[in-house]
Amino acid sequence: MVDIVTSHHSPVTSKKEVKISIRNLNIWYQDMQVIKNVNLDVEKNKVTAIIGPSGCGKSTLIKSINRMLDMIPEAEVGGTILLDGQNIYDMDETFLRKRIGMVFQMPNPFPKSIFENIAYGLKIHKMFKSKQDLYFKVEKALKQAALWDEVKDKLDKFALDLSGGQQQRLCIARCIALEPEVVLFDEPCSALDPVATVKIEELIEDLKKNYTIVIVTHNMQQAARISDYTAFLYLGNLVEFGPTQKIFTTPQNKMTEHYLTGKFG
Amino acid sequence: MNSRKVKEFVGFAILRLATFLILSALFIILYFIIIRGIKVINWQFLTHKPCEGMTSGGIFPAILGTFYLTLCAICFALPLGVAAAIYLVEYARQGRLVRIVRIGINNLAGVPSIVFGLFGLAVFVKYFGFGVSILSGGLTLGILILPVIIRASEEAILAVPNSLREASLALGATKWQTIYRIVLPNAIPGILTGSILGIGRAAGETAPILFTAVTFYSAKLPTSIFSEVQALPYHIYALMTEGTHPETQIPIAYGTALVLLFLVLGIDLLAIVIRRRARRRKW
Ligand SMILES: Nc1ncnc2c1ncn2[C@@H]1O[C@H](COP(=O)(O)OP(=O)(O)OP(=O)(O)O)[C@@H](O)[C@H]1O
Ligand SMILES: [Mg+2]
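Right, let's walk through the structure included here. (Residues numbered from 1 in each chain as written. Chains lettered and ligands numbered in written order. Predicted model: local features only at pLDDT ≥ 70, side-chain atom pairs only at ≥ 80, totals over all residues. Heavy atoms only, no water.)

Residues and elements named next belong to chain B. Residues V6, F9, V10 and I14 make up a contiguous nonpolar surface patch of about 380 Å² in total accessible area. If you trace the backbone, V10 turns up in helix α1 (residues 3-37). With relative accessibility at 41%, the residue V10 sits in the partly exposed group. (Patch = residues over 30% accessible without salt bridge, like charges linked within 9 Å, V, L, I, M, F, W, Y side chains within 5 Å. Areas by Shrake-Rupley, 256 points an atom, 1.4 Å probe, with all protein chains shown as cover. Salt bridge = Lys/Arg side-chain N within 4 Å of Asp/Glu carboxyl O. Helix = DSSP H or I, 4+ residues; strand = E, 2+ residues; numbered from the N terminus. Buried < 20%, exposed > 50% of the residue type's maximum accessible area, 1.4 Å probe, protein only.)

Structure representation (structure tokens):
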């Protein structure tokens, strides 16, 4: 086993605006510690990629940000996560999840119509004034997710009849319909073919203007293509974190270099 | 042929024979009941009261009584069973207590139905003072089918993929909103299937209503849930055991059995149709 250098994260200077600040984060599943003292600042309106080998805790880390870990009774979280300086555990979790949306690895549209999929969150949060307003917001979300042209004539069709890539864009539309501030992606393309993947990547690129994005990915080329910052996670430790360019060209840590050159993982 | 092939051949032959025997048992039952019962069945038989000391006339009051009893049973057992299932699957911490509750429910399913009858007599008829009535019998039948409904509902709720719950929660829905808007609508076909099988079971039971709801003969149709009623299974039982003119009453009993049989088979068929419909829409 190679030694692990802990949290070599780049200092965030004052002119950058920090959206999410993770401090001394430790997460256990029963007695197994899967996140070990992670410190990480996510910059506003940038794409932060989390990479690392399977089982290193990427999903666990990203799920802690919108408190989806609350669902798992055996998960225990220590440390603090701040959203705009406010502790996420001081917020109502439903309101937190409205502000921090999430897109999952497997497209998981509801077995309802395309329209109802998008309308669901808007209804839950009573975010529309009239029927027209609801329709308008659904349309806007579908347009932002670059899905509108494909589905505008069949909004009442069953969402599960869409292709995998369309389903994933529907899930993205469903998420951004709520106008969140942050969108978390957990390997959003791993179930998709290359063409659908490119579409999602372009979409993420586009969403960056309005949203802060955190994306977990297995695919290092993908991280290099779309992210501004990259965090390398290994066995629950944040081994290296910095601007993507720097991580990929001049990694400071041997482990990172080995991983990026495909020596393991 | 080598010995492995022979073994396979013999094995399959035995399995095929077993299947065939089961099927033929079903058809033999159907055949005998139909042959003996069909003679008395006509429109009159289904829509009229018995007359001349149960030696002629129809079985309409018994059909109506069975309908009321099962309706009462399902109105009681369905909401309670679904609520229990939701609690057990979605809310309860999966620990020792839930395990004990599950064992309890399973054991409830194994209690002989006559014991439910005695329980209903003691609790509903006597203690709550509902008397021998549709209400007492319906509640007793309701408890009898509760395990069926709870188990079917639990399975249906568990079959809803977790990814849908995650999707809903991640959008900021509360747990209750998620259950109410996502889980239950997707579980309803399964819950219905289980409930309909429960109805079939309730319709055919004699013992639970023996002391709690039924009467051999009542001159008028039930007027409220506190009326006593006639019921199909008990009608058969009464005709065969208390009848004074077996030569005319036994055919009526077979006719009644035929009606009951088709009622229960029809109900089961409905459950199958609903299940197949639901299966077409898969995630
Ligand atoms: N609910 C759970 N209970 C117990 N252990 C868990 C649970 N979920 C995940 N783990 C364990 O925690 C570790 C980290 O899991 P996690 O899903 O965060 O990894 P990951 O980096 O996302 O992996 P992958 O790339 O395969 O998705 C793994 O060893 C996993 O087995
Ligand atoms: Mg993962």
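Residue and element names in this part refer to chain A. Around ligand 1, the structure places 14 residues, and the nearest of them are S54, G55, K58, S59 and T60. With respect to ligand 1, the backbone of C56 contributes an N or O atom lying 3.3 Å from an oxygen atom. One nitrogen or oxygen atom from the side chain of T60 is found 2.4 Å from an oxygen atom belonging to ligand 1. Taking 630 Å² as the accessible area of ligand 1 by itself, protein coverage stands at 66%. For the shell around ligand 1, the elements supplying multiple residues, two or more each, are β3 (32-43) and α1 (58-65). A per-element tally of the shell around ligand 1 places α1 first, with 3 residues. In the shell around ligand 1, the residues fall into 5 nonpolar, 6 polar and 3 charged. (Near = heavy atom within 4 Å. Polar contact = N/O pair within 3.5 Å; in protein donor to acceptor, adjacent residues only side chain to side chain. Nonpolar A, V, L, I, M, F, W, Y, C, P; charged D, E, K, R; others polar.)

A pair of packed helices is captured by two measures, namely the crossing angle of their axes and the spacing between those axes. Residues and elements named next belong to chain B. Closest axis-to-axis distance for the helix α3 (residues 60-91)/helix α6 (residues 134-159) pair is 6 Å, and the angle between their directions is 35 degrees. Viewed along their axes, α3 and α6 form a crossing whose handedness is right-handed. Taken together, the residues that form the contact of α3 with α6 break down as 26 nonpolar, 5 polar and 2 charged. (Axes fitted to C-alpha atoms, helices over the stretch in contact; angles between N-to-C directions. Left-handed = near helix turned anticlockwise from the far one by under 90°.)

Take the sheet that holds strand β6 (residues 86-87) of chain A next. All names here are of chain A. One open sheet holds the 4 strands; their spatial order is β3-β2-β5-β6, and the pairing between them is antiparallel. Each having just a single partner strand, β3 and β6 make up the two edges of the open sheet. Pairing analysis gives 2 bridges linking strand β5 (residues 75-83) to β6, with the strands arranged antiparallel. Within β6, the position partnered with L82 by the bridge is N87. Packed onto the sheet, α1 meets β2 (18-29), β3 and β5 and runs at close to 125 degrees relative to β2. (Pairing = 2+ DSSP bridges. Contact = heavy atoms within 4.5 Å.)

The next subject is the interface of chain B and chain A. With 20 residues of chain B at the contact, the number on the chain A side is 24 residues. Buried surface at the junction of chain B and chain A, both sides included, amounts to about 1,800 Å², of which 68% is carbon and sulfur. On the chain B side of the contact with chain A, A170, L171 and R181 of chain B bury the most area, a combined 33% of that side's loss. Applying the counting criterion to the chain B and chain A interface returns 0 salt bridges. For the pair chain B and chain A, the interface holds 3 residue pairs in polar contact (both at pLDDT 80 or more). For the side of chain B that touches chain A, the secondary-structure elements that each account for two or more residues are α7 (162-170) and α8 (175-204) of chain B. It is α7 of chain B that contributes the most residues to the side of chain B that touches chain A, 7 residues altogether. Class assignment of the residues belonging to the side of chain B that touches chain A gives a composition of 8 nonpolar, 7 polar and 5 charged. (Buried area = accessible area lost by both parts, 1.4 Å probe.)

By themselves, these are just geometric observations and shouldn't be taken as functional.
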